[in-house]
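Residue-level structural notes
Residue-level listing of the chains:
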Amino acid sequence: MQHLTDNYTPLHEDRVAQLAVRIAQQMNLASARIEAISMAAAVHDIGKVDIPLKILNKPGRLTAAEFDLIKTHVQVSYDVLKLINFSLPVPEIVWGHHEYMDGSGYPRGISGDQILLESRILTVADIVESMSEDRPYRKSLGMDLAVQEIKRLSGNRLDPDVVEACLQVV
Ligand SMILES: [Fe+2]
Ligand SMILES: [Fe+2]
């Protein structure tokens, strides 16, 4: 059987879940909310099953059209997860994992408090983990660069409280 997704997404999701839970604990979120973040993180990129492996594994730079296609994974993740009867807002948390505080994210371009806090936590954990992992098109950039990057985005794209909590736990 052909693989449904690339080789790094499952491990990536596990690592994002671990970090997102630590951030949420640092922020003293209630246990049900932490549970929901953990579940959402573990499946947040499931929509990538809809993207050709040739694109996911492409070693070079993506074209604008290819990047647009990759962006569709968020809506697919949401649509698939909505088919499951979660007692927690797992699909909704996943839906916001590429939205930014300043409205420059996707797929909806929502901003600030329109984005669930759980999603904002997932976003920061996703960025840190993505940068500190190897990818088909580059080696790991290392934790130092990841920390610099979330500091740079704090207060514009990222929630400064979440960034602060993340810096405490990495
Ligand atoms: Fe994603
Ligand atoms: Fe991700």
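The notes below deal with the structure included here. On a predicted model such as this, the values are computed, not experimentally measured, just so you know. (Residues numbered from 1 in each chain as written. Chains lettered and ligands numbered in written order. Predicted model: local features only at pLDDT ≥ 70, side-chain atom pairs only at ≥ 80, totals over all residues. Heavy atoms only, no water.)

Within soluble globular proteins, side chains that are nonpolar tend to cluster in buried spots. Ranked by size, the top nonpolar core spans 35 residues in total, and within it Ile 23, Leu 29, Ile 121, Val 124, Val 128, Ile 150 and Leu 158 carry the most contacts. Mapped by element, the contributors of at least two residues to this core are helix 1 (9–26), helix 2 (31–43), helix 6 (90–95), helix 7 (117–131), helix 8 (143–153) and helix 9 (160–169). Not counting residues up to four positions away in its chain, the partners in contact with Ile 150 are Val 124, Ile 127, Val 128, Leu 158, Val 163, Cys 166 and Leu 167. (Core = buried A, V, L, I, M, F, W, Y, C linked by side-chain atoms within 4.5 Å. Buried < 20%, exposed > 50% of the residue type's maximum accessible area, 1.4 Å probe, protein only. Helix = DSSP H or I, 4+ residues; strand = E, 2+ residues; numbered from the N terminus. Contact = heavy atoms within 4.5 Å.)

Bringing the coordination of the iron ion (ligand 1) into the picture now. Within the first shell, the iron ion (ligand 1) binds the protein through Asp 45 (OD), His 73 (NE2), His 97 (NE2) and His 98 (NE2), at distances of 2.1 to 2.2 Å. When the donor residues of the iron ion (ligand 1) are listed from N- to C-terminus, their spacing reads D-x27-H-x23-H-H. Taken as a pair, the iron ion (ligand 1) and the iron ion (ligand 2) show a spacing of 3.7 Å, with Asp 45 coordinating each metal. With Asp 45 in the loop between helix 2 and helix 3 (53–56) and His 73 in helix 5 (residues 73–81), this residue pair connects regions lying 28 residues apart in the sequence. (Donors = N, O, S within 2.8 Å, 3.2 Å for Na, K, Ca; no water.)

It is worth spelling out the coordination of the iron ion (ligand 2) at this point. For the iron ion (ligand 2), the full set of protein donor atoms is His 12 (NE2), His 44 (NE2), Asp 45 (OD) and Asp 126 (OD), and the range of their distances to it is 2.2 to 2.3 Å. Given 4 donor atoms and angles of 75 to 172° at the metal, the environment of the iron ion (ligand 2) is assigned as irregular. Written as a sequence motif, the donor arrangement for the iron ion (ligand 2) is H-x31-H-D-x80-D. (Tetrahedral: all angles 85-135°; square planar, octahedral: opposite > 155°, others 65-115°.)

Here we come to the packing of helix 8 against helix 9. Interhelical geometry of helix 8 versus helix 9 gives an angle of 160° and a closest axis separation of 9 Å. It follows that helix 8 is roughly antiparallel to helix 9 by the angle criterion. Helix 8 and helix 9 meet at a crossing whose hand is left-handed. Across the interface between the two elements, Val 147, Ile 150 and Lys 151 of helix 8 pack against Val 163, Cys 166 and Leu 167 of helix 9. Tallied by class, residues from the contact of helix 8 with helix 9 come to 5 nonpolar, no polar and 1 charged. (Axes fitted to C-alpha atoms, helices over the stretch in contact; angles between N-to-C directions. Parallel < 35°, antiparallel > 145°, perpendicular 65-115°, else oblique. Left-handed = near helix turned anticlockwise from the far one by under 90°. Nonpolar A, V, L, I, M, F, W, Y, C, P; charged D, E, K, R; others polar.)

All right, on to the packing of aromatic side chains then. Remark: the centre distance and the inter-plane angle together describe each pair of aromatic rings, the angle taken between the planes. In total, this model carries 1 aromatic pair according to the counting rule given. With 3.9 Å between their ring centres and 10° between their planes, Tyr 78 and Trp 95 make a pair best called stacked. Of this pair, Tyr 78 sits in helix 5 while Trp 95 is found in helix 6, placing the two residues 17 residues apart along the sequence. Here Trp 95 falls in the buried class, since its relative accessible area comes to 18%. (Phe/Tyr/Trp six-rings, centres within 6.5 Å; stacked < 30°, edge-to-face > 60°.)

These values are about where atoms sit, not about what they do.
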